[in-house]
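Results of the structural survey
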Number of protein chains: 2
Amino acid sequence: MLDATPRYAQLHIRTGSRHPREQDRRTVTDTARSTTRYGTRPTMKDVAARAGVGLKTVSRVVNGEPGVTPDTERRVQEAITALGFRRNDSARVLRKGRTASIGLVLEDLADPFYGPLNRAVEEVARDHGALLINGSSAEDPAREQELVLALCARRVDGLVIIPAGTDHRYLEPEIAAGVATVFVDRPAGEIEADVVLSDSFGGARDAVAHLIAHGHRRIGFIGDQPRIHTAVERLRGYRAAMDEAGLPVDESWVALGSTEPERVRSAAEAMLDGPAPVTALFSGNNRVTVTVVRVLAGRPRPVALVGFDDFELADLISPGITVVAQDAARLGRTAASLLFRRLDGADEPPQQRVIPTRLIPRGSGELPPPA
Amino acid sequence: MLDATPRYAQLHIRTGSRHPREQDRRTVTDTARSTTRYGTRPTMKDVAARAGVGLKTVSRVVNGEPGVTPDTERRVQEAITALGFRRNDSARVLRKGRTASIGLVLEDLADPFYGPLNRAVEEVARDHGALLINGSSAEDPAREQELVLALCARRVDGLVIIPAGTDHRYLEPEIAAGVATVFVDRPAGEIEADVVLSDSFGGARDAVAHLIAHGHRRIGFIGDQPRIHTAVERLRGYRAAMDEAGLPVDESWVALGSTEPERVRSAAEAMLDGPAPVTALFSGNNRVTVTVVRVLAGRPRPVALVGFDDFELADLISPGITVVAQDAARLGRTAASLLFRRLDGADEPPQQRVIPTRLIPRGSGELPPPA
DNA sequence: TAACGTCTGGACAACGTTGTCAATTCTGGC
DNA sequence: GCCAGAATTGACAACGTTGTCCAGACGTTA
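What this report covers is the structure whose coordinates are included nearby. (Residues numbered from 1 in each chain as written. Chains lettered and ligands numbered in written order. Predicted model: local features only at pLDDT ≥ 70, side-chain atom pairs only at ≥ 80, totals over all residues. Heavy atoms only, no water.)

It is worth spelling out the interface of chain A and chain B at this point. Taken together, the contact pairs 89 residues of chain A with 89 residues of chain B. For the interface between chain A and chain B, the tally reads 16 salt bridges. The closest approach of N and O atoms between arginine 119 of chain A and aspartate 108 of chain B, which form a salt bridge, is 2.5 Å. Remark: the boundary between chain A and chain B carries 25 residue pairs in polar contact (both at pLDDT 80 or more). For the side of chain A that touches chain B, the elements supplying multiple residues, two or more each, are helix H4 (89-96), helix H5 (114-127), strand E2 (131-136), helix H6 (141-153), helix H7 (172-176), helix H11 (286-297) and helix H12 (328-343) of chain A. Of the residues belonging to the side of chain A that touches chain B, the class tally is 40 nonpolar, 20 polar and 29 charged. (Contact = heavy atoms within 4.5 Å. Salt bridge = Lys/Arg side-chain N within 4 Å of Asp/Glu carboxyl O. Polar contact = N/O pair within 3.5 Å; in protein donor to acceptor, adjacent residues only side chain to side chain. Helix = DSSP H or I, 4+ residues; strand = E, 2+ residues; numbered from the N terminus. Nonpolar A, V, L, I, M, F, W, Y, C, P; charged D, E, K, R; others polar.)

Structure follows, in structure tokens:
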């Protein structure tokens, strides 16, 4: 699929590789290619020919290496400007072995949760002189793998992965070959690797404890698919808080599954209108929260709510939505920094970093249960 | 700066380029490099040696070309698996001339407005077998140029640019050399190029006309910096609507400038408490809207508001925020499609596409002026 | 003036892949 | 068993760059 063969035509047919017999040696005066032909970029050879110097001298000027007289340098610079030369980093990369680029694979570039993470990774990459190639796995393990391997084929120096799959053994040869790899938000499956996580367990426990502290005893949890690590951790936090308060958990109060609005809506309604109706809800991520807020807005009786993930304007809804905020930018920054530490040669065993979460009370989580 | 020289150490020192005199010719039995050394990837040569076949045969197998007997293919596949070989697309790119990657330069990867655009561009790229390299200009023309030129040096096949600068002549040699380029959201400066825009003028006019239709006569406009094209267009739309209704515009009702909350807050307060207080506000983009909503939430008297750009949960704030919605995904899709049409050889003059906007009434824009 | 070191510039190989083309092996028909 | 023709395979150059090494030019010193 993503195999560096573009699925679009060559804009301009190459002139066919010259056979050695037909290709006369370029002389200094040969300027056949010096005229900027559309679709053909000048090379250092062209610049050298035009400036009347050797190939390596052009290379020296382009890279600011010493050992070139000011006069020669000027001539070369003129030729560069005249031809519109720009160094071909593909060739450079091939020669040097490092691409100065890293890959970021996340679930969905359009999800606002990943925006700050994406940006944070980009900034760290930039600080290290690297570019960022990224793509969405769409929460599909096969697509994740395809994307990751395409990035490896491009020889990215490192990878930041928010995994969709649960088996990352396919990465073993790549890691062995020196591709630094850091997982974010969820741990890698079946391999040892650096991970940077949010404190899902602690955050969830805090959230539910908060609701309990405000008098709730029947609390529902609507979370993401159980194959997603954070969903399981948050469920664990939910159970821990209930447990610590000595509260029983009716199994109808727990619903893990897709974050489709339809599914979330019916799960919420089942909990609110079931035989053991909940008085408060804990929603497992921002997509769930959004739908739950909509459901609750249409109900006469107020229902307490705490959501995992902060979101813009959560304070302006009435009541303000109490959330457990993750620091997505810090997740990204931490992951990228770890990655570059590895690329700088840090040779420690795989690490796991946990980024704390923060409960932000805004009103919805402080609603008391109905009397 | 971003010149493909990573600012991090080489993890593993290369063995120094072998001088021809010291380098004996590899024979079929030479497997020195076949043992997977950490940091050194096997090449087709290694695979060929291990499988006991020629280099080209490996290439054929890797690329699924015909003309290889099943038996040979099997041997090669075994060698590939055993060595953990993966084709080096850098080298492939150098040979083939196309990189199967495109660049996307936008203002801020973390801005939720660009999420769907980013994703849409990615999807189209994926459909064409290309990867996406992206970066943020941070609304800084110098950084935009640096990033764009770094992408050109990597020989991306095409560029999608949300421009920060106003002079893009620096791109002329690149475009002449065949880099397809499409600008989005704002037109290119000083050069002819494809552009995909939202209908800022029409959207703004609709928004203001909507407020006028609900009885407002004194309407304020808070927008982005005047060097940004969309800000100017939206101002033009604002003036057009006022004009068409025969309403005068007091110059204290118009404030273009940074989208910093501080600036927006003071601009809004000046309009609301000034000598000719406005009864309604039109905010020029989502960042402005967010701050304006906060300002209005702290006021006793309701003030009508229409914002440019939709945002999540705008319907759940009370009153719901009336917005002019842009279709960011469609912007991205249109731009990327245009880009690949160019790469497929479309040789038309530069185009300008305008994507319509849509007014979504939710309450805040339908508030009447105070009696 | 000769010997020596320093500085500048250039020839050449190598990075890992693919395109061209020729050499080799296999097939079937006689 | 032999030959023509097809199928398979491999040698080699080339993509555009950088690292190594050597050749001259130049200046300095004895």
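We are not done yet, so read on.
A word on the nonpolar core. Membership of the largest hydrophobic core comes to 94 residues, with the highest contact counts inside it found for Ile222, Tyr238 and Phe282 of chain A together with Ile222, Tyr238 and Phe282 of chain B. Setting aside its immediate chain neighbours within four residues, phenylalanine 282 of chain B contacts Ala204, Ala207, Val208, Leu211, Gly220, Phe221, Ile222, Arg234, Val306 and Phe308 of chain B. Counting 42 residues, the second-largest nonpolar core is a separate cluster that includes Ile133 of chain A together with Ile133, Ile161 and Phe183 of chain B. (Core = buried A, V, L, I, M, F, W, Y, C linked by side-chain atoms within 4.5 Å. Buried < 20%, exposed > 50% of the residue type's maximum accessible area, 1.4 Å probe, protein only.)

The next thing to look at is the packing of helix H1 (residues 44-51) of chain A against helix H2 (residues 55-62) of chain A. Residue and element names in this part refer to chain A. Contact geometry of H1 with H2 gives a least axis separation of 8 Å together with a crossing angle of 105°. Judged by the inter-axis angle, H1 sits roughly perpendicular to H2. Residues Met44, Lys45, Val47 and Ala48 of H1 lie in contact with H2, whose contacting residues are Leu55, Val58, Ser59 and Val62. Classifying every residue of the contact of H1 with H2 by side-chain character gives 6 nonpolar, 1 polar and 1 charged. (Axes fitted to C-alpha atoms, helices over the stretch in contact; angles between N-to-C directions. Parallel < 35°, antiparallel > 145°, perpendicular 65-115°, else oblique.)

Inspection of the secondary structure puts asparagine 118 of chain B in helix H5 (residues 114-127). Those residues within four positions of asparagine 118 of chain B in sequence are excluded, and the remaining contacts are Leu109 and Asn118 of chain A together with Leu104, Leu106, Leu109, Leu132 and Asn134 of chain B.

With that settled, the discussion passes to the packing of helix H10 (residues 261-273) of chain A against H11 of chain A. Residue and element names in this part refer to chain A. Here H10 crosses H11 at 50°, and the two axes come no closer than 9 Å. One way to sum up the angle between H10 and H11 is to call them oblique. For the pair H10 and H11, the crossing hand works out as right-handed. Contacts between H10 and H11 involve Pro261, Val264, Arg265, Ala268, Glu269 and Leu272 from the first element and Val288, Thr291, Val292, Arg294, Val295 and Leu296 from the second. When its residues are assigned to classes, the contact of H10 with H11 shows 8 nonpolar, 1 polar and 3 charged. (Left-handed = near helix turned anticlockwise from the far one by under 90°.)

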